[in-house]
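# Chains, contacts and geometry: an overview
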Amino acid sequence: MPAARAAGLSVCGFPRTERLLRRGQYLRVQNGGRRVHTAHFVILVLPRGVQGDAQGPATARIGVTVGKRVGNAVRRNRVKRVVREVYRTSKTLFPTDCDVVLVARLGADRLDYGAVKAEVERARDAIFEARTKALARDPRPPQSSL
RNA sequence: CGGAGCGGACCAGGUGAUCGUCGGCUUCUUUAACUGUCCCGAGCUUCGGUUCGGGGGAAGAAAGAGCGGGAGGAAAGUCCGAGCUCCAAAGGACAGAAUGCCGGUUAAUGGCCGGUGGGGGCGACCCCGAGGAAAGUGCCACAGAGAAUGAACCGCCUUGGCCAAUCACAUACCCACCGAGCAGCCUUCGGCUCUCGGCGGACUACGGGGUUGCACAAGGUAAGGGUGAAAAGGCGAGGUAAGAGCUCACCGGGUCGGCGGUAACGUCGAUCGCUAGGCAAACCCCAUUCGGAGCAAGACGAAAUAGGGAGGCGUUCGAGGGCGGUCCGCCCGAGCCUCCGGGUAGCGUCGCUCGAGGCGUGCGGUAACGCGCGUCCUAGAUGAAUGAUCACCACCCGCAUCCCGGCAACGGGUGCGGGAACAGGACUCGGCUUACGGUCCCUCCGACCU
RNA sequence: GCGGGAGUAACUCAGUGGUAGAGUGCAACCUUGCCAAGGUUGACGUCGAGAGUUCGAAUCUCUUCUCCCGCU
């Protein structure tokens, strides 16, 4: 029973383990990840190390970057919230063994929840293709660099 | 009803459902791999301890459950002022910066309140960095005669010069007329000539006088013109050759005194060579204030550690540093600086939310504000929390013309669609400024009706 | 969060109270058989915005907007 509950919650929750929390994590993804471009986002995908790292969760880790160009603080926060909501409600759009950073581009503040979800859904195939390409190119991602 | 005083006060959509987020509490479940603690056994020991194994217990921790919280009037800009922290203490001088009518308020301010003065508006009301220009230095372009130890271009006036023009007057000459004559001539009436007097006219000459003119000279003048943003108190009268504070009245200004006011200042009176422009948001002077940095302040901890080589300076005669404007003074002080080649970390906890706090109320004060009483606890994140979806209600706009009222404009209902501002805590407060949706109240002006 | 700096022609910059300038670029013409270079001429500005001081503001003062840099 607790297992089932935990599983059900993990489908729709957004705990801390599924986020990027340090600047170093962001920098690693931004330097080593593959890019997928959409109209209002740049999505960076970096597979986590398959070796070792037993305590790593079996889900994706998401980070959102919204620069000052996008708008004032209210609009930037809004973009972050909407993107997180999209991840939370439809986690199957993201590969479970990768770190993903979504960088908002100009105009992202005008999107609502439905528009962002549609945009990510259209980019789903490209995201998974980026993952397989990254794995094929370098089977041992630069985990040891940090 | 319309416009205004950008006068004051208030709100910042609500309710429910599902999922999600942040930290707090409960100690209700679960876990026993992690940390710490207690007990037992064994090993080592410098007898202080320490390592390994087993167990208890449930403190921390992790996951779950429950409970109750979670952005603003500007949270913003960072323009001021403080608290707090560190720099040994926060000392002196200079430099530098800020402020600048007066009084009050406050922890403090450049804020706020009240007053004074000035400006704007018919008014309600609004705006003002508003000390000093005979301490000194500087600037005032162009134009204009002159722009600051006061100036003469035109004009006005006086005197002189040169002539010229003109006017009036008087005298002489001339002409005409009238009268007189003891003068002369002609044939009478009478006429002519001459002389004298009167009146009128014309013209020239000289004389003096007036007026006007002059690329003239010497002076007087600051009324007027013109230039300019600004021209040496304003305006009127007297006065004068023309003028002028030269004199006078009024206004303005300076000084002195009385009165009112805590004061800024106001008011009254006397007095005056009214003679000295403006700019200090130009330098500056005067008065007052200011030590510097800022929660990335700072404290504790974890992890890691290492120190070496070369050269220079120095050990109480003191290198270097605190000290981040300079100097003095004070303090620390045996290491410090440069180069070469290396290592580690860019993490955690505290600071971190109870405070010059909010709300209500009474009293004092014109007010800002202060004092008392009661009551409430109301975010503490750190790639950074308040969201998403749906439904209903309330507000605004548009469309439909389906229904009702009305001749109509239109109003009400119904349905559909859209909108709902500015904007997100980052140590905390007090202000200021800027952005912005709406509601209400007060006041003023205008129009209409009674 | 804190501290500092900048904004002038299309671009890079001068201009520190008195008519807004230089270089490059742009346009036209000359030169050349053509191009480049060269020469002549010309256009080009809300001095980031709004108030204030002043007779007069790109310049001085205040407010505001945008951009840049530094500090762990």
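Whatever comes next refers back to the structure up there.
Now for a quick tour of the structure. (Residues numbered from 1 in each chain as written. Chains lettered and ligands numbered in written order. Predicted model: local features only at pLDDT ≥ 70, side-chain atom pairs only at ≥ 80, totals over all residues. Heavy atoms only, no water.)

## A closer look at the protein's contact with RNA strand B
Surveying the vicinity of RNA strand B reveals 25 residues, the closest of which are Arg-16, Leu-20, Arg-22, Thr-65 and Arg-88. Within the backbone of Val-64, an N or O atom sits 3.5 Å from a base nitrogen of RNA strand B. Taking Arg-84, its side chain carries an N or O atom lying 3.0 Å from a phosphate oxygen of RNA strand B. Among the elements of the structure, helix 1 (2-12), helix 2 (23-32), strand 3 (61-66) and helix 3 (73-89) are those that each provide at least two residues to the surface near RNA strand B. Broken down by element, the residue count for the surface near RNA strand B peaks at 8 residues, all from helix 3. In the surface near RNA strand B, the residues fall into 11 nonpolar, 4 polar and 10 charged. (Near = heavy atom within 4 Å. Polar contact = N/O pair within 3.5 Å; in protein donor to acceptor, adjacent residues only side chain to side chain. Helix = DSSP H or I, 4+ residues; strand = E, 2+ residues; numbered from the N terminus. Nonpolar A, V, L, I, M, F, W, Y, C, P; charged D, E, K, R; others polar.)

## Regarding the environment of Asp-97
If you trace the backbone, Asp-97 turns up in the loop between helix 3 and strand 4 (98-104). Asp-97 gets classed as partly exposed once you look at its relative accessible area, which sits at 22%. Once the C-alpha coordinates of Asp-97 and Ala-136 are considered, the two residues, 39 residues apart in sequence, prove to be 14 Å apart. Those residues in contact with Asp-97, other than ones at most four positions away along the chain, are Pro-47, Arg-48 and Arg-131. (Buried < 20%, exposed > 50% of the residue type's maximum accessible area, 1.4 Å probe, protein only. Contact = heavy atoms within 4.5 Å.)

## Side note on the pairing of strand 1 (residues 34-37)
For strand 1 and strand 2 (residues 41-47), the ladder comprises 4 bridges, and the chain directions are antiparallel. Its bridge partner being in strand 2, Val-36 is matched across the sheet by Ile-43. Taking the residues between adjacent antiparallel strands as the criterion, strand 1 and strand 2 are bridged by 3 residues. (Pairing = 2+ DSSP bridges.)

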